Amino acid sequence: MPELPDVTVYVERAGERLTGQVLRRLRLLNPFVLRTAVPPIAEAEGRRATGVERLGKRVVLALEGERWIVIHLMIAGRLRWLEKGEKAPARIGLAAFEFDAGTLLFTEAGTQRRASLHCVGSREALAALDAGGIDLMTASTEDFTARLRLENHTLKRALTDPRLFSGIGNAYSDEILHRARLSPVALTRTLPDADAARLHVAAREALAEWTERLRAESPGWPAKVTAFHPAMAVHGRYGQPCPVCGSPVQRIVHAANESNYCARCQTGGKLLADRALSRLLKASWPKSIDDL
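Only a predicted model underlies this, so the values are computations on that prediction, with no experimental measurement involved.

Trainee: Got a minute to help me understand the overall build of the chain in this structure?
Mentor: The helix and strand inventory of the chain stands at eight helices and 10 strands. For 292 residues, the compact-globule estimate of 2.2 N^0.38 gives 19 Å, and the chain sits close to it at 21 Å. For the chain, the spread of C-alpha atoms along the principal axes amounts to about 65 × 40 × 35 Å. In the chain, the proportion of contacts linking residues at least 24 apart, taken out of those at least 6 apart, comes to 61%. As presented, the chain carries roughly 13,700 Å² of accessible surface, and 52% of it is formed by carbon and sulfur atoms.

Trainee: Would you mind showing me how to read the packing of helix α3 (residues 141–148) against helix α6 (residues 193–217) here?
Mentor: When two helices pack together, their arrangement is given by the angle between the helix axes and by the axis-to-axis distance. As a packed pair, α3 and α6 sit with axes 10 Å apart at the nearest point and diverge in direction by 110 degrees. Between α3 and α6, the crossing angle belongs to the class labelled roughly perpendicular. Here T141, F144, T145 and L148 of α3 come into contact with α6, specifically with A196, A197, L199 and H200. Looking at side-chain class alone, the contact of α3 with α6 contains five nonpolar, three polar and no charged residues.

Trainee: Quick question: what am I supposed to make of the sheet that holds strand β6 (residues 93–98) here?
Mentor: Backbone-to-backbone hydrogen bonds join strands into a sheet, with any given pair of strands oriented parallel or antiparallel. Pairing is antiparallel across the open sheet formed by four strands, whose spatial order is β1-β6-β7-β5. Because the sheet does not close on itself, it has two edges, and the strands there are β1 (25–28) and β5 (77–82). This sheet shows a mean twist of 15 degrees between the axes of neighbouring strands, independent of strand direction.

Trainee: Looking at this model, I keep getting lost on the pattern of salt bridges. Mind explaining?
Mentor: Per the counting criterion, the structure on display carries 17 salt bridges. Across the salt bridge formed by R13 and E16, the nearest N and O atoms sit 3.3 Å from each other. One end of the pair is R13 and the other is E16, both in helix α1 (residues 4–18) and three residues apart, which spans about a single turn. Under the relative-accessibility criterion, E16 is labelled exposed at 53%.

Trainee: Before we go on, may I ask you to explain the sheet that holds strand β4 (residues 67–72) in this structure?
Mentor: The four strands are arranged β2-β3-β4-β8 in an open sheet whose pairing can be described as antiparallel. Two strands close off the open sheet at either side, each with one partner strand: β2 (49–55) and β8 (116–120). Between one strand and the next, the sheet's axes are offset by a mean angle of 20 degrees, whatever the strand orientation. Bridge count between β4 and β8: five bridges; the pairing is antiparallel. Paired with I69 across the two strands is C119, which belongs to β8. Across the sheet, α1 lies against β2 and β3 (58–63), angled at about 180 degrees from β2, the strand it touches most.

Trainee: Which parts of the structure should I look at to understand α3?
Mentor: Owing to its 3.6 residues per turn, the α-helix brings residues three or four apart onto one side. All of the buried residues along α3 are F144, T145 and L148. Looking down the long axis of α3, one finds its buried residues gathered within 95 degrees of arc, a one-sided arrangement.

Trainee: Is there a simple way to explain unusual backbone geometry in this structure?
Mentor: A negative phi angle characterises most non-glycine residues, just as the trans form characterises most peptide bonds. A cis amide bond links V38 with the next residue in sequence, P39, at an omega value of -5 degrees. Note that P39 resides in the loop between β1 and β2. Positive phi outside glycine occurs at M74, with the angle close to 55 degrees. For M74, a relative accessible area of 22% translates into the label partly exposed. Even without being a glycine, R113 presents a positive backbone phi close to 55 degrees.

Trainee: What is the right way to read the state of the cysteines from this model?
Mentor: One way to say it: the disulfide is the covalent bond shared by the sulfur atoms of two cysteines. All told, the structure shown has zero disulfides when counted by the stated rule. Of all cysteine sulfurs, the one in C262 lies closest to C242, which takes part in no disulfide; the gap is 3.7 Å. Residue C242 is classed as buried on the basis of its relative accessible area of 4%. Here C265 stays free of any disulfide, with the sulfur of C262 as its closest cysteine sulfur at 3.6 Å.

Analysis parameters
Residues numbered from 1 in each chain as written. Predicted model: local features only at pLDDT ≥ 70, side-chain atom pairs only at ≥ 80, totals over all residues. Heavy atoms only, no water. Helix = DSSP H or I, 4+ residues; strand = E, 2+ residues; numbered from the N terminus. Rg over C-alpha atoms; globule rule 2.2 N^0.38 Å. Contact = heavy atoms within 4.5 Å. Areas by Shrake-Rupley, 256 points an atom, 1.4 Å probe, with all protein chains shown as cover. Axes fitted to C-alpha atoms, helices over the stretch in contact; angles between N-to-C directions. Parallel < 35°, antiparallel > 145°, perpendicular 65-115°, else oblique. Nonpolar A, V, L, I, M, F, W, Y, C, P; charged D, E, K, R; others polar. Pairing = 2+ DSSP bridges. Salt bridge = Lys/Arg side-chain N within 4 Å of Asp/Glu carboxyl O. Buried < 20%, exposed > 50% of the residue type's maximum accessible area, 1.4 Å probe, protein only. Arc of directions from axis to C-beta. Disulfide = S-S within 2.5 Å.

Next up, the structure:
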């Protein structure tokens with residue numbers, strides 16, 4: 001799922017192209033994607049774009065006359081920019097926003113159809129789509145720590161909860177926890193103040209660095225938005241060497257997601273129990289990275 005760095009670059013590149021442009025035509029290529037009926041989506045046509053904003057992991061196209069188009073990419077959704085006359089790819093298109101400068105195409109790979117499109121007619125309705133998470137880039141350490149400890153969850157779950165923190169998902173939470181040298185299963189309410197402060201610094205640094213990296217990689221339009229980057233420290237790098245200590249990166253599989261971590265850097269050498277494999281191996285499951 002595109003997260004804060006990816007969505008930020010989408011917003012910046014779309015803002016550069018669309019601000020001041022009139023939305024000439026909005027084509028729903030797959031009607032399921034539209035999740036609102038009031039105001040009618042057709043009322044967006046003919047309005048000038050006044051800007052592009054980020055709302056958590058959503059991209060918001062602001063139009064004159066109090067209309068906002070809210071795009072939630074979910075896991076497989078992406079935004080493409082088509083120049084005038086460029087043909088849209090077949091089958092994966094969800095919606096096309098046609099401007100004089102070109103077309104913003106909303107796509108989704110696969111068949112699960114989780115991506116969504118909302119049209120709202122007031123700031124209050126727009127705010128209702130916000131899960132309420134705070135912005136890690138502007139929050140104070142005190143506010144970050146207080147929000148972290150609202151409920152007693154694992155650090156991994158807390159960081160990816162949109163009600164607590166805005167814009168963080170599976171990929172960057174792994175990178176943040178590795179940078180902070182903290183276990184993904186450490187509990188929030190027992191985390192020492194010094195560790196919470198270190199986690200806040202790590203989060204801001206990781207998100208800022210990756211946003212800058214993605215900007216540099218996408219001087220035109222972000223063409224390859226993915227949760228798996230070769231330069232990441234642990235996310236998506238199971239079995240590969242940790243860039244800090246060289247130990248093989250480990251993982252915990254839970255539901256449709258997994259957490260990647262370095263046992264030597266983050267858990268004092270302890271291997272965390274994987275819900276599937278450790279239950280299968282039972283007593284044969286290694287307890288530490290050295291046993292492995």
